[in-house]
Amino acid sequence: MLVPPVSEFMSLQTHTIGREQNLTTAHRLMRAHQIRHLPVLDGGQVVGIVSQRDLHLMESLDDADPDAITVEEAMTQDVCAVAPDAPLDEVAEIMLERKLGSVVVMRQGHLLGIFTTVDALHCLSRVLQRAAAT
Amino acid sequence: MLTPPISRYMTIAPATIAADASLGEAVTTMRAARVRHLPVLDAGRLVGIVSDRDLELLTSLRAEAVSPPPLTVRDAMTTQIYTVREDAPMVDVVARMAEGRLGSAIVTRGDRIVGIFTTVDALLALREQLDRPTA
């Protein structure tokens, strides 16, 4: 089977957030754009990624104030950027090796999308369906 | 081609943790079993799943609090559970996980937990399927 590029299965997503922004802002952005992950940028570089689940967990604590907590405190620092033409088997390998829940897809410093484990499930589902049909 | 059952790609006999266990106990159990997800049991009943990421986040926050309340696995776990039989076709399980944005499926035989299929197992399966030579 021809290995598809990551761009074929990524979620198109060009919204980002700064590391000094607070969780309330992150929440607002996620809600407004119906997204679950926000890459965190600093000077054009991806320095982290924050997910809706991270926000919910932090806010479930009694003494947590979403206005006072910065994105930097909630984000995962371990992020990886790949090119849109990166083959998916290699992307899967990177995610496995580095234990990543997602990779960001960038071209020349611009965010194009995110490939998460949910996108990987969609891709696997398609691959299995194709294999079953042959 | 027949699609494989979920049992072929699941992690067999996962370690479990009690809902009332401390976060520290959960970390120790995960490290010993070298896994990143633990099914959570309450009086023998499956009530949730906890991941290493859930634990890390709660632990790091707790370190910053002035007088942290004692947290248990129950505070960190996800209660959204998806269970499947071990002979369920993998293609169905994966499609359902994708639709529901589920991070794992608990695999059962009768009332017993025999395995867990997480997104890590899905990535392993994806890599294997993509690298298969074209028939």
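Summarised in this report is the structure supplied together with it. (Residues numbered from 1 in each chain as written. Chains lettered and ligands numbered in written order. Predicted model: local features only at pLDDT ≥ 70, side-chain atom pairs only at ≥ 80, totals over all residues. Heavy atoms only, no water.)

1. Some details on the pairing of strand β4 (residues 45-51) of chain A
Residue and element names in this part refer to chain A. Put simply, the rule reads: Here the term buried applies to any residue with accessible area under 20% of the maximum for its type, exposed to any over 50%, and partly exposed to those in between, with areas from a 1.4 Å probe on protein chains only. Every helix listed is a DSSP run of H or I at least four residues long, and every strand listed is a run of E at least two residues long, numbered separately from the N terminus. For two strands to be treated as a pair, DSSP must find at least two bridges joining them.
Within β4, 5 of the 7 residues are buried, which leaves it mostly tucked inside the rest of the structure. Pairing between strand β3 (residues 37-42) and β4: 6 bridges, direction antiparallel. Counterpart to Val40 in the pairing with β4 is Gly48. Where β3 folds back on β4, the antiparallel hairpin that results is connected by 2 residues, among which Gly43 adopts a positive phi of roughly 60°.

2. Quick word on the sheet that holds strand β1 (residues 11-12) of chain B
Residues and elements named next belong to chain B. To keep it simple, the criterion reads: We call two residues in contact whenever any of their non-hydrogen atoms come within 4.5 Å of each other. The convention used is that axes are lines fitted to C-alpha atoms, helices contributing only their stretch in contact, and that angles between N-to-C directions extend from 0 to 180 degrees.
Taken in spatial order, the 4 strands make up an open sheet running β1-β7-β6-β5, and their pairing is mixed. Two strands bound the open sheet, and with one partner strand each, they are β1 and β5 (83-85). As paired strands, β5 and strand β6 (residues 104-109) are joined by 3 bridges and run parallel to one another. Paired with Arg85 across the strands is Thr108, a residue of β6. Strands β1 and β7 (112-118) of the sheet are contacted by helix α5 (residues 119-131), whose axis makes an angle of about 60° with β7.

3. Re the interface of chain A and chain B
Reports of interface size often rely on the accessible area that becomes lost once the parts have come together. Definition in use: As used here, buried area is the combined drop in accessible area, with a 1.4 Å probe, of two parts when they are placed together. The rule for a salt bridge is simple: a side-chain nitrogen of Lys or Arg has to be within 4 Å of a carboxyl oxygen of Asp or Glu. Pairs of N or O atoms within 3.5 Å make up the polar contacts considered here, provided that, within protein, one atom can donate a hydrogen while the other can accept it, and that residues adjacent in sequence are counted only when both atoms are side-chain atoms.
Contact with chain A, which involves 35 residues of that partner, is made by 37 residues of chain B. The contact between chain A and chain B buries some 3300 Å² in all, and 69% of this surface belongs to carbon and sulfur atoms. Sorting the residues of chain A by area buried against chain B places Leu96, Leu121 and Leu128 of chain A first, and these three jointly supply 19% of that buried surface. Between Arg127 of chain B and Glu93 of chain A there is a salt bridge, with the nearest N and O atoms lying 2.3 Å from each other. Taken together, the links from chain A to chain B amount to 1 residue pair in polar contact (both at pLDDT 80 or more). Counting residues per element, the ones that place at least two in the side of chain A that touches chain B are α2 (52-59), α3 (71-74), α4 (88-97) and α5 (117-133) of chain A. By residue number, the principal contributor to the side of chain A that touches chain B is α5 of chain A, which donates 13 residues.

4. Examining the nonpolar core
Where we set the bar: To qualify as a nonpolar core, a set must consist of buried Ala, Val, Leu, Ile, Met, Phe, Trp, Tyr and Cys residues joined through side-chain atoms within 4.5 Å.
Grouped together as the largest cluster of nonpolar side chains are 44 residues, with contacts concentrated most on Val91 and Phe115 of chain A together with Met90 and Phe117 of chain B. Breaking this core down by element, the ones donating at least two residues are α4, β6 (102-107), β7 (110-116) and α5 of chain A together with α4 (90-100), β6, β7 and α5 of chain B. Setting aside residues up to four positions removed in sequence, Met90 of chain B forms contacts with Leu124 and Leu128 of chain A together with Thr3, Pro4, Pro5, Ile6, Tyr9, Phe117 and Ala125 of chain B. Counting 34 residues, the second-largest nonpolar core is a separate cluster that includes Ile69 of chain A together with Ala26, Leu71 and Met77 of chain B.

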